[in-house]
Amino acid sequence: MKRIAIILTLIFGLAVASCKNGDDIGYLYGLWIVENVTVDGEVVFDAESANENGIVMAWKFQNDIVQLSLTNELHEGELWTGLWQCDDLTYVSTIEFDFPAADRMPEFLLLSDRMSVESVWDAPVGDEWMIWSYLGPEGQNCEMVMHKL
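Residues numbered from 1 in each chain as written. Predicted model: local features only at pLDDT ≥ 70, side-chain atom pairs only at ≥ 80, totals over all residues. Heavy atoms only, no water.

**As for the overall build of the chain**
- Looking only at helices and strands, the chain features two helices and nine strands.
- For the chain, with 149 residues in total, the buried portion stands at 38%.
- Counting only contacts in the chain whose residues sit at least 6 apart along the sequence, the fraction spanning at least 24 positions is 49%.
- Carbon and sulfur atoms make up 54% of the accessible area of the chain, which amounts to about 8,700 Å² in all. (Helix = DSSP H or I, 4+ residues; strand = E, 2+ residues; numbered from the N terminus. Buried < 20%, exposed > 50% of the residue type's maximum accessible area, 1.4 Å probe, protein only. Contact = heavy atoms within 4.5 Å. Areas by Shrake-Rupley, 256 points an atom, 1.4 Å probe, with all protein chains shown as cover.)

**Side note on unusual backbone geometry**
- Of note, the phi angle at Asn-63 is positive, near 50°, even though the residue is not glycine.
- Note that Asn-63 resides in the loop between β3 (56-62) and β4 (65-71).
- Of note, the phi angle at His-75 is positive, near 65°, even though the residue is not glycine.
- Relative to the helices and strands, His-75 resides in the loop between β4 and β5 (77-85).
- We classify His-75 as exposed; its relative accessible area is 70%.

**Notes on the pairing of strand β2 (residues 42-46)**
- Sheet analysis places strand β1 (residues 30-39) next to β2, joined by four bridges and oriented antiparallel. Pairing of Thr-38 across the sheet is with Val-43, part of β2.
- Between β1 and the antiparallel strand that follows it, β2, lie two residues; Asp-40 among them carries a positive phi value of about 50°. (Pairing = 2+ DSSP bridges.)

**Overview of the nonpolar core**
- Grouped together as the largest cluster of nonpolar side chains are 33 residues, with contacts concentrated most on Trp-59, Phe-61, Phe-97, Trp-132, Tyr-134 and Met-144.
- It is β1 that contributes the most residues to this core, four residues altogether.
- Discounting chain neighbours no more than four positions away, the residues touching Tyr-134 are Val-37, Leu-109, Leu-110, Leu-111, Met-115, Ser-116, Val-117, Gln-140, Asn-141, Cys-142 and Met-144. (Core = buried A, V, L, I, M, F, W, Y, C linked by side-chain atoms within 4.5 Å.)

**What to know about the pattern of salt bridges**
- A complete count under the given rule lists two salt bridges for this structure.
- Note that Asp-98 is salt-bridged to Arg-114, the shortest N-O span being 3.5 Å. With Asp-98 in strand β6 (residues 92-98) and Arg-114 in strand β7 (residues 114-122), the pair connects residues that are 16 residues apart, well separated along the chain.
- In this structure, Lys-148 and Glu-128 form a salt bridge, with 3.9 Å as the shortest nitrogen-oxygen distance. Here Glu-128 lies in the loop between β7 and β8 (129-135) and Lys-148 lies in strand β9 (residues 141-148), a separation of 20 residues in the sequence.
- Overall, the relative accessible area of 28% leaves Glu-128 in the partly exposed class. (Salt bridge = Lys/Arg side-chain N within 4 Å of Asp/Glu carboxyl O.)

**Quick notes on the packing of aromatic side chains**
- Summed over all chains, the structure comprises nine aromatic pairs.
- Residues Phe-45 and Phe-108 carry aromatic rings whose centres are separated by 6.0 Å and whose planes lie at 5° to one another, so their mutual orientation is stacked. With Phe-45 in strand β2 and Phe-108 in the loop between β6 and β7, this pair connects stretches of sequence that are 63 residues apart.
- Centroid distance Phe-61 to Trp-132: 6.2 Å. Interplanar angle 85°. Geometry classified as edge-to-face. Taken together, the residues Phe-61 in strand β3 and Trp-132 in strand β8 connect sequence positions 71 residues apart.
- Residue Phe-61 is classed as buried on the basis of its relative accessible area of 2%.
- Taken together, the ring pairs in this structure connect Trp-59, Phe-61, Trp-84, Phe-97, Phe-99 and Trp-132 into an aromatic cluster. (Phe/Tyr/Trp six-rings, centres within 6.5 Å; stacked < 30°, edge-to-face > 60°.)

What is shown is where atoms sit, not what they do.
The following block contains the structure:
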């Protein structure tokens, strides 16, 4: 049943016409693999360690839909879907998120149902990287580093 829900969510996401966020989501479009997450300077997720156990965390952006997935090497896992909005997609932007199921997302991410992140996009030699900075529900300083696949 969970697979059917995931497939239907993906089909719905692909079927929605590009009509949000100014018809152009720019550099955010696509799949972003999470490299690490820190909370108050302490690493709470590290892709290198997670990959040894076959775990991959990724964000996917399409139109105004965003998905966070946490999967294992058998492509089993969890998928959370929400909405996002950004008025000015520049290299330093504020992205607004709405996650109806934030309470079921991994606790270590400290995400809330409605939140803002400061996004800084950087493009070192041939790769695309993005860093999100945001405050946790109790004022924790959180940072998430991702690269585009």
